[in-house]
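# Structure at a glance
Given next are the chains, with one letter for each unit.
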Number of protein chains: 4
Amino acid sequence: MSPANKFVAETTFYVRYAETDAMGVIHHASYIVYFEEGRSSYARQRGSDYAKFEQSGHYLAVSEVNARYGKSASYGQQITVRCWIDEMKSRGLTFAYEIVAAQTQEVLVTGYSKHICITHDGQVARLPDEWRAWANT
Amino acid sequence: MSPANKFVAETTFYVRYAETDAMGVIHHASYIVYFEEGRSSYARQRGSDYAKFEQSGHYLAVSEVNARYGKSASYGQQITVRCWIDEMKSRGLTFAYEIVAAQTQEVLVTGYSKHICITHDGQVARLPDEWRAWANT
Amino acid sequence: MSPANKFVAETTFYVRYAETDAMGVIHHASYIVYFEEGRSSYARQRGSDYAKFEQSGHYLAVSEVNARYGKSASYGQQITVRCWIDEMKSRGLTFAYEIVAAQTQEVLVTGYSKHICITHDGQVARLPDEWRAWANT
Amino acid sequence: MSPANKFVAETTFYVRYAETDAMGVIHHASYIVYFEEGRSSYARQRGSDYAKFEQSGHYLAVSEVNARYGKSASYGQQITVRCWIDEMKSRGLTFAYEIVAAQTQEVLVTGYSKHICITHDGQVARLPDEWRAWANT
């Protein structure tokens, strides 16, 4: 699922008890937060940092998010979030995600999120060159 | 946006401070929880209750969720979640959502979620007749 | 439990499915958010608004929070959060809380939170007179 | 702060963007979840696992939680949660916590949580001997 020809950031962690629900499994909205954690890790692994990106006066607003749920995860499990850039534009980008059970590598959830680069006063802006270069490697 | 010929459940509430993020607005994952609150309210307004549905031995598992973000909401605002059934099948259904600013009626977020009816041991099952009848009115 | 001689703000709402955990009941950290919702409602019922308070250049930082858990709440239930000011100082205050099952009035959780008034640059500041007057009525 | 003569479990991770609030820092309720993550890690480092504990038919219900907030944490930071057993009884125990900034070791938050061992049908029960032995080392 995750592409062979792109930089794919992996991050592995234990799911949290607070993220379970009364069905006994991880609540579906938690995966949206795991996606975000995946792209945070992507930027860090690229040598950048979303915290510094914000300090430079930009935000990466979310314009769309999509998640498809297959298998569920339970408390006690470790999951691996894989994140890569699916599409890069001058003023926005799309991240794609694949979340698997760390032990079995079974796919749990896949999805994507679309983002627009904006300034602190809400104007659409160009992505920094450093970020745009990520699409090439 | 919300259809004229279908039952649309509305629920209005204040967004919570804990749901804001460092951008100063409601975090995008919070809307996935608002969607869920919208369909909880839908079932209650239909005279049913998802709590009773679960007690009858069924779960409504989420198979996909999608959200498109337009305007953002801030702490102090009331929002209205509109929820209706977009598609009904024998073993699953799709809810659609429109979240607006309660005061201005500006659309903030739209989306949908797909669900499969399963039993406690994970078998796909038929939706109760009571729920299936909702598609007709 | 809630005092007869003080202004007590009540707010009643359904607990959310996302707030449940694998024990089948509302996760204990959710009540800390309900406390916050209780003091948000307190300010609104007093004719003020924490959103305006922040816009005036102040924050109410949390210095301590305490919760004691008795009975648990389940999805499908409505709860009532009661909130009042337990102690008022020139630069801070203590809110106290009692959360009950709306239908039975059984006490679920009690607690308090201590707050310090700070400016946006982190300096301790005096509470607005309007807020301080709340202690007298 | 953390005791020299007790087993102290440490776990270090990045705080998440979703855990920030409109003050620009980590929301105070998030630390209650970090405490829980600290005791999850404690059990794992002890060679046990809270997931297995639950599968054996027990729960560790939270009867009280307390947190004192000093410095705040921001997105982009790593924190270290230290967790140890402060008091062990036959049917319950108290965990204590210290959360520090991973880089500077500045103390951010301290706290404790009290727990009662219960069975799935809500009866108070004795803690497993394995868990009780943790108090001695």
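Rules used in this analysis
- Residues numbered from 1 in each chain as written.
- Chains lettered and ligands numbered in written order.
- Predicted model: local features only at pLDDT ≥ 70, side-chain atom pairs only at ≥ 80, totals over all residues.
- Contact = placed C-beta atoms within 7 Å.
- Helix = DSSP H or I, 4+ residues; strand = E, 2+ residues; numbered from the N terminus.
- Nonpolar A, V, L, I, M, F, W, Y, C, P; charged D, E, K, R; others polar.
- Pairing = 2+ DSSP bridges.
- pLDDT = per-residue confidence, 0-100.
- Axes fitted to C-alpha atoms, helices over the stretch in contact; angles between N-to-C directions.
- Least-squares fit on C-alpha atoms with pLDDT ≥ 70 in both.

Each partner contributes residues to the interface: chain A has 14 residues there, and chain B has 14 residues. For the side of chain A that touches chain B, the secondary structure elements donating two or more residues are α1 (30–45) and β2 (58–69) of chain A. Counting residues per element, the side of chain A that touches chain B draws most heavily on β2(A), at nine residues. Residue classes in the side of chain A that touches chain B are distributed as nine nonpolar, three polar and two charged. Taken together, the five bridges between β2(A) and strand β2 (residues 58–69) of chain B define a ladder with antiparallel strand orientation. Across the sheet, residue Asn66(A) finds its bridge partner in β2(B), namely Asn66(B).

Residues and elements named next belong to chain A. Residues with a pLDDT of 70 or more make up 100% of chain A, whose mean pLDDT is 94. Within chain A, no element has a lower average pLDDT than helix α2 (residues 50–55), which sits at 86, and none a higher one than strand β4 (residues 92–101), at 98. The ipTM assigned to the predicted complex is 0.96, against a pTM of 0.97.

Moving on to the sheet that holds strand β1 (residues 9–14) of chain A. Strands pair in a sheet through their backbones, by hydrogen bonds, and they do so in one of two ways: parallel or antiparallel. Read from one edge of the open sheet, 10 strands run β1(A)-β3(A)-β4(A)-β5(A)-β2(A)-β2(B)-β5(B)-β4(B)-β3(B)-β1(B), paired in antiparallel fashion. A strand with exactly one partner marks an edge of an open sheet, and here the two such strands are β1 of chain A together with β1 (9–14) of chain B. Pairwise comparison of adjacent strand axes, ignoring direction, gives a mean angle of 25° for this sheet. Pairing of β1(A) with strand β3 (residues 78–88) of chain A, which is carried by six bridges, proceeds in the antiparallel orientation. For Thr11(A), the partnering residue across the bridge sits in β3(A) and is Val81(A).

On to unusual backbone geometry. Positive phi, close to 65°, is recorded for Gln105(C), a residue that is not glycine. Within the secondary structure, Gln105(C) sits in the loop between β4 (92–101) and β5 (107–119).

Attention now goes to the sheet that holds strand β3 (residues 78–88) of chain C. Ordered by their spatial adjacency, 10 strands build an open sheet running β1(C)-β3(C)-β4(C)-β5(C)-β2(C)-β2(D)-β5(D)-β4(D)-β3(D)-β1(D), and the pairing between neighbours is antiparallel. Of all the strands in the sheet, the pair left with one neighbour each is β1 (9–14) of chain C together with β1 (9–14) of chain D. The average angle at which neighbouring strand axes cross in this sheet is 25°, direction not considered. One ladder, built from nine bridges, connects strand β4 (residues 92–101) of chain D with strand β5 (residues 107–119) of chain D; its direction is antiparallel. Each bridged residue has a counterpart across the sheet, and for Ile99(D) the counterpart in β5(D) is Val109(D).

Attention now goes to the relation of the copies chain B and chain D. For the match of chain B to chain D, the screw axis carries a shift of 0.0 Å, the RMSD comes to 0.0 Å, and the turn is 180°. Taken together, the rotation angle and the small translation identify this as a two-fold axis. Closest to the rotation axis within chain B is the C-alpha of Asp21(B), separated from it by 1.9 Å. A symmetric contact is evident, with 100% of the interface residues of chain B recurring at the interface of chain D.

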